[in-house]
Amino acid sequence: MTRHLQLTEQGKLKHFLTIEGLDRDLLTEILDTAESFVGMSEHQVKKVPLLRGKTIVNLFFENSTRTRTTFELAATRLSADVLNMDIARSATSKGESLLDTIRNLEAMQVDMFVVRHALSGAAHFIAQQVAPHISVINAGDGQHAHPTQAMLDMFTIRQHKKQFEGLKVAIVGDILHSRVARSQILALNALGVSEVRVIAPKTLLPAQVKTMGVTPIHDMDEGLADVDVVIMLRLQKERMNSAFLPSESEFFRCFGLTEAKLQRAKTDAIVMHPGPINRGVEIASSVADGPQSVILQQVSNGVAVRMAIMSMAMQSGGTA
Amino acid sequence: MRIGYAPRPAANNNKMLNHTMSIDSLNIDVLLDNLELAIRQQIGERKLQNPLLIGIHSGGAWIARHMHLRLGISEPLGLLDITFYRDDFSQIGMHPKVKTSQLPPHLEGRDIILIDDVFYSGRTSRAALNEIFDYGRPNQVVLAVLIERNGRQIPLQPDCRGIRIDLAEGQRIKLTGPDPLGIEIQDLAGVAA
């Protein structure tokens, strides 16, 4: 169902809601398309006219500066017009329903919604309701998915490791509350890595985590042995409503990435983090700023990858 | 009227081609000779200073490499991929195998020789011009193509060509390559002649 919602009858991308249901070929096409947008930030004129005349609405019901600004930058580099919906000050606070908000915007002839919402499934719901010519991009829904982040992470991995076969990838930290981790796991498996390890205390792993196609490990030294990629996650404190950890310093001692712990990984292992980073909680400054860290590259790749996803989703505009 | 006739390469060279000859006799080396001569003429007539050669992917880039060698230009060849500037994106969508454009960062005031393999509707040239002007304001652009054929849809035309030919309804002409270069005529059914 998810696949049919996201793709046109010809198998082209229409909505980008979740990695689930998308095959390796399509994911690779996204990465290849992003490749062609990467060099643009070095040009004098950082624009192509691909989406000229199109209107993209940033519908962010949850706080975000980084994701919203990269989507905005991606849209403007494609020459699209961007509408930033300030939800807190909008009619939502006057009690307007989500659907009414959408219908009102549709009536203004927009072409795409980029949606971030606190509830899982929000982007799917919107995609099922919008007029046929409109595309929906999920910028993060509840604890469910953050597929564009996962794609830019895959792009960064491919930049450094060239291919996914044979890679051992470790995802460390608050897997339970992380929509990013869920999307990353789906993408890594779809692209054919050798092994995905999730490293966290039991309290921060979903109960049925093995069904996601990962190896759960509760000891950092064991988990990092010989890995090619280390992805650190932020403690999602704003989503924690019971006692998941004794303290942040305890977490850092057991699961924080220090230079010493990083030695367990391969010597050319790369260190990633979707951001924002909490220095001294999940990652030591020396590692975050160190030679193996590709955290800032993830950010610049984020613009190119989102440009790719938006232009691919928009290409079927006007056709069902 | 010189329509249909390529410029005579040299006084004592009798390999001049015209459109009434069989298409099978299109000889790539002769066309390259013709194009080189035509470009040299333009460089003289238009007083091009230190011209920058730009080839349009893919066929134009192959031709431009030949011209780059023949003209003995030391500055690296510029390459243009016009995928993002096409005017039919909403009909045909994205082509994932986009090659990156490689141009020097500043085109202000430069004399440019823009090279493509086949000039047909004119839309590729328009897209290429749009992209070039996004990089900067050139002094002038000379459009050079190996083959100019009938079927123009935009009021643009090449400044120099290897040959001008007329094709029948439903016929298409294509450059194959890069090595060796070849010319292929196809009809609508896709059968190569």
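No experiment lies behind these values; they were computed from the predicted model shown.

Asks: I keep staring at the overall build of chain A and nothing clicks. Help me out?
Replies: The helix and strand inventory of chain A stands at 12 helices and 9 strands. For 320 residues, the compact-globule estimate of 2.2 N^0.38 gives 20 Å, and the C-alpha radius of gyration of chain A, at 19 Å, lies within 12% of that figure. Principal axes of the C-alpha set define a box for chain A whose edges measure 55 × 40 × 40 Å. Here chain A holds 320 residues, and the buried ones make up 57% of them. Counting contacts in chain A only where the partners sit at least 6 residues apart, residues at least 24 apart contribute 74% of the total. Taking the average location of the 33 positive side-chain charges in chain A and that of its 33 negative ones, the two points are 2 Å from each other.

Asks: Would you take a moment to explain the interface of chain A and chain B for this structure?
Replies: At the junction of the two partners, chain A supplies 16 residues and chain B supplies 15 residues. Carbon and sulfur atoms supply 62% of the area that chain A and chain B bury against each other, a total of about 1500 Å² over both sides. For the pair chain A and chain B, the interface holds 1 residue pair in polar contact (both at pLDDT 80 or more). Those elements that place two or more of their residues in the side of chain A that touches chain B are α2 (24-38) and α12 (295-314) of chain A.

Asks: What's the story with unusual backbone geometry in this structure? I'm lost.
Replies: Note: most residues except glycine have negative phi, and most peptide bonds are trans. Residues and elements named next belong to chain B. In the segment running from histidine 57 into serine 58, the intervening peptide bond is cis, with an omega of -10°. Residue position: serine 58 is located in the loop between β1 (52-56) and α2 (59-70). The amide bond that connects aspartate 179 to the next residue, proline 180, takes the cis arrangement and shows omega of 5°. Structurally, the position occupied by proline 180 is in the loop between β6 (172-176) and β7 (182-186). Even without glycine at this site, asparagine 50 takes up a positive phi of about 45°. Along the chain, the position of asparagine 50 falls in the loop between α1 (28-45) and β1.

Asks: Just checking my understanding: could you explain the environment of Ile54(B) for this structure?
Replies: Residues and elements named next belong to chain B. Tracing the chain through its elements places isoleucine 54 in strand β1. Among the residues examined, isoleucine 54 registers a relative accessible area of 0% and is labelled buried. Placed 87 residues apart in sequence, isoleucine 54 and valine 141 show a C-alpha to C-alpha distance of 10 Å. Once residues within four sequence positions are removed from consideration, isoleucine 54 is found in contact with Leu77, Gly78, Leu79, Leu80, Leu103, Ile112, Ile113, Leu114, Ile115 and Ile132.

Asks: Got a minute to help me understand the side chain of His177(A) in this structure?
Replies: Residue and element names in this part refer to chain A. One can find histidine 177 in the loop between β5 (168-172) and α7 (179-190). Exposure remark for histidine 177: the relative accessible area of 4% places this residue in the buried category. Here the side chain of histidine 177 touches aspartate 174 through a polar contact of 2.9 Å, side chain to side chain.

Asks: Honestly, empty space enclosed by the protein in this entry has me stumped. Any pointers?
Replies: The rolling of a water-molecule-sized probe over the atoms marks out the regions of remaining empty space. Residues and elements named next belong to chain A. Applying the stated rule across the entire model yields 2 cavities of 30 Å³ or more. Taken together, Arg66, Thr67, Thr70, Gln149, Leu152, His273, Pro274, Gln298, Val299, Gly302 and Arg306 make up the full set of residues lining the largest cavity. Counting residues per element, the ones that place at least two in the lining of the largest cavity are α3 (66-77), α6 (147-161) and α12. Residue classes in the lining of the largest cavity are distributed as 3 nonpolar, 6 polar and 2 charged.

Asks: What should I look at first to understand the sheet that holds strand β1 (residues 55-60) of chain A in this one?
Replies: Backbone hydrogen bonds are what pair the strands of a sheet, in a parallel or an antiparallel way. Residues and elements named next belong to chain A. Pairing is parallel in the open sheet, where 4 strands are placed in the order β2-β1-β3-β4. The outermost strands of the open sheet, each flanked by one partner alone, are β2 (81-86) and β4 (135-141). Pairs of neighbouring strands in the sheet enclose a mean axial angle of 15°, with direction left out of account. Judged from the 5 bridges that link them, β1 and strand β3 (residues 112-117) form a sheet pairing that is parallel. Residue pairing for β3: isoleucine 56 is matched across the bridge by methionine 112. Contacting β1, β3 and β4, α12 crosses the sheet at an angle of about 145° to β4.

The rules behind each value
Residues numbered from 1 in each chain as written. Chains lettered and ligands numbered in written order. Predicted model: local features only at pLDDT ≥ 70, side-chain atom pairs only at ≥ 80, totals over all residues. Heavy atoms only, no water. Helix = DSSP H or I, 4+ residues; strand = E, 2+ residues; numbered from the N terminus. Rg over C-alpha atoms; globule rule 2.2 N^0.38 Å. Buried < 20%, exposed > 50% of the residue type's maximum accessible area, 1.4 Å probe, protein only. Contact = heavy atoms within 4.5 Å. Lys, Arg positive; Asp, Glu negative; His and termini not counted. Charge placed at Lys NZ, Arg CZ, Asp CG, Glu CD. Buried area = accessible area lost by both parts, 1.4 Å probe. Polar contact = N/O pair within 3.5 Å; in protein donor to acceptor, adjacent residues only side chain to side chain. 1 Å grid on protein atoms, 1.4 Å probe; cavity = no way out; pocket = protein on both sides within 12 Å on 5 of 7 lines; lining within 4 Å. Points joined across faces, edges and corners; volume = space filled by probe spheres on them. Nonpolar A, V, L, I, M, F, W, Y, C, P; charged D, E, K, R; others polar. Pairing = 2+ DSSP bridges. Axes fitted to C-alpha atoms, helices over the stretch in contact; angles between N-to-C directions.

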